[in-house]
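# Examining the three-dimensional arrangement
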Amino acid sequence: MKKLNNIDDFILLWLSEAISSLGSSMTKFALIIWAYNQKGSASSIAYLSVFTYLPSVLFCFIAGTLADKWDKKKIMLFSNFICAAGIGVVFFLYNTGNLFIWHLYLINFVLSFVDAFKNPATIVAVSLLAKKDQYLKVSGLQSFSNSLINILSPSLAPAIMGLIGLKYIFILDIISFGIAFFTLLIFIPIPYIKSIERKESFLKSCFEGLNFLKENKAILSLILFFAFINFLAYLTGFGIMPAMILKRSGDNQKVLGLVSSFVGIGTLLGSFLVAFLKSAKSKTKVIFLSLAVSFVLANIVWAIGRNVWIWVIAAFLGNIPIPFISANMTTIMRIKIPVHMQGRVFSTRDTLQFFTVPIGLFLSGLLADHVFEPFMMASSPFQQFFSILVGYGPGAGIALMFLITGIVGTISSLIAMGRSLYRELDL
């Protein structure tokens, strides 16, 4: 059997998955524009994301247990196949003139269900292919490719839509899934680890991840803190940013593409720094300080900014810290959690940390369309006060939401940084 910790296999896996992710990202960006053009509301965009995250949160608790027991490579192959089939269905419906938004909700639900199994399997596979002292660099490389994708997809997707049509984005996405599938099938051996079998029920096995976290209170507390942070982040930034930019720019897709690209450029630079800078002694301080800086720049400055160049600068600077957050968090958990339990513990983490994401996304559309946007369009003393900060007109209500979440997120992160409980995670 091939020896463990083969970094070359990780590089090949990383590259093939990056190609697949680029295809998927272009499809998601193109469908956001398509969905907004159908309805013209923030909710139409936010609900797409709700159905993308909800199943992975609901089912990952069970999926992590199965990922620890089942063959990781087979799970990843099956997931890539189902995702390609799902995009194939979207392509068929669009090409025959029968695609509706509710189709996207349903297909996103199915693909998210599949991802609930793929994600923990991929996490364990990467832990097997890399050494412990390479974990931070590995996370940095993954963040690097994600950032590059965030730069390319907002530029490539509208260009391809304008030149040859939306259906060709679907075709490219299917091809990219095929590249990832056959690369993994033929060229990448995922080392096999025998699960520790115990005579216990499946349900009890599922709860082993939760029991592990209960015994490691610092990790559990950090996860629950991120559940709150994710609620804030998806209540505004990740949920309805496209709607705010489109509303405040007169539905200018080029402006949205430019801002989205600089989100990627910022995270790209941050990923480069994570991958090649020396690891900090206190990973938790890096996490909390990065969160605070990101909330100030990517939420507060975004809210008060009223032209494309302020949005671009805030998008760039505010997203440089993001890779430091995810890379250090993942590194802490990979070091602290035994590899034979990582599927269950990471999946339990995902359930606890991300269950607030669909809640935030669902509320973001409702609050934007039915509370904050109408509030900022109706004259009142409070509306006039907030208008000094976020301006007038379409999108001002969403900007006010960004301002509120930015202030709350910054203060919360600075308070958390001072907690002594997290110091044991730096040992």
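For the structure itself, look to the data block above.
In this report, we go over the structure that sits alongside the text. (Residues numbered from 1 in each chain as written. Predicted model: local features only at pLDDT ≥ 70, side-chain atom pairs only at ≥ 80, totals over all residues. Heavy atoms only, no water.)

### Things to note about the packing of aromatic side chains
Two descriptors summarise a pair of aromatic rings, namely the distance from one centre to the other and the angle between the planes of the rings. Using the following cut-off: In summary, the pairing rule links any two rings of Phe, Tyr or Trp, Trp by its six-membered ring, whose centres are within 6.5 Å, and it sorts them by plane angle into stacked for under 30 degrees, edge-to-face for over 60 and tilted for everything else. By definition, any uninterrupted DSSP run of H or I lasting at least four residues is a helix, any uninterrupted run of E lasting at least two residues is a strand, and each is numbered from the N terminus. Burial here depends on accessible area, computed with a 1.4 Å probe over protein chains only, as a share of the maximum for the residue type. Under 20% is buried, over 50% is exposed, and the range in between is partly exposed. The rule is short: NZ of Lys or CZ of Arg within 6 Å of the ring centre and within 35 degrees of the ring normal puts a charge over the ring.
Evaluation of the coordinates by the stated rule reveals 11 aromatic pairs. Between F225 and F288, the aromatic rings sit 5.5 Å apart at their centres with planes inclined by 80°, giving edge-to-face as the arrangement. With F225 in helix α9 (residues 217–235) and F288 in helix α12 (residues 283–304), the pair connects residues that are 63 residues apart, well separated along the chain. Considered together, F225 and F288 belong to a single accessibility category, that of buried residues. Summarising the aromatic geometry, the rings of F385 and F386 are spaced 5.3 Å apart at their centres and angled 65° between planes, so their arrangement reads as edge-to-face. Residue classification places F385 among the partly exposed positions, given a relative accessible area of 47%. Ring-pair connections join several aromatic residues into one group, and the members of that group are F225, F226, F288 and Y422. Seen from the ring of Y135, R334 lies directly overhead, with NZ or CZ sitting 5.6 Å from the centre.

### Topic: the pattern of salt bridges
As a reminder of what qualifies: One side-chain nitrogen of Lys or Arg within 4 Å of one carboxyl oxygen of Asp or Glu is enough to make a salt bridge.
The tally for this structure, following the rule as stated, stands at 3 salt bridges. Residue K118 is joined to E17 by a salt bridge in which the shortest nitrogen-to-oxygen separation is 3.0 Å. Here K118 is found in helix α4 (residues 101–129), whereas its partner E17 is found in helix α1 (residues 7–39), with 101 residues between them in sequence. Per residue, the accessibility class of K118 equals that of E17, and both read buried.

### So, the packing of α9 against α12
Note the threshold: Axes, fitted as lines to C-alpha atoms, cover a helix only where it is in contact. Angles between the N-to-C directions of the axes lie from 0 to 180 degrees. Working definition: roughly parallel below 35 degrees, roughly antiparallel above 145 degrees, roughly perpendicular at 65 to 115 degrees, and oblique for all remaining angles. Whether two residues touch is decided by their heavy atoms; if any such pair falls within 4.5 Å, the residues are in contact. The residue classification treats Ala, Val, Leu, Ile, Met, Phe, Trp, Tyr, Cys and Pro as nonpolar and Asp, Glu, Lys and Arg as charged. All others, Gly included, are polar.
Where α9 contacts α12, the two axes come as close as 13 Å, and the packing angle between them is 10°. Accordingly, the angle class assigned to the pair α9 and α12 is roughly parallel. Facing L222, F225, F226, I229 and L232 of α9, the residues of α12 in contact are I287, F288, L291 and F295. Its residues placed into classes, the contact of α9 with α12 shows 9 nonpolar, no polar and no charged.

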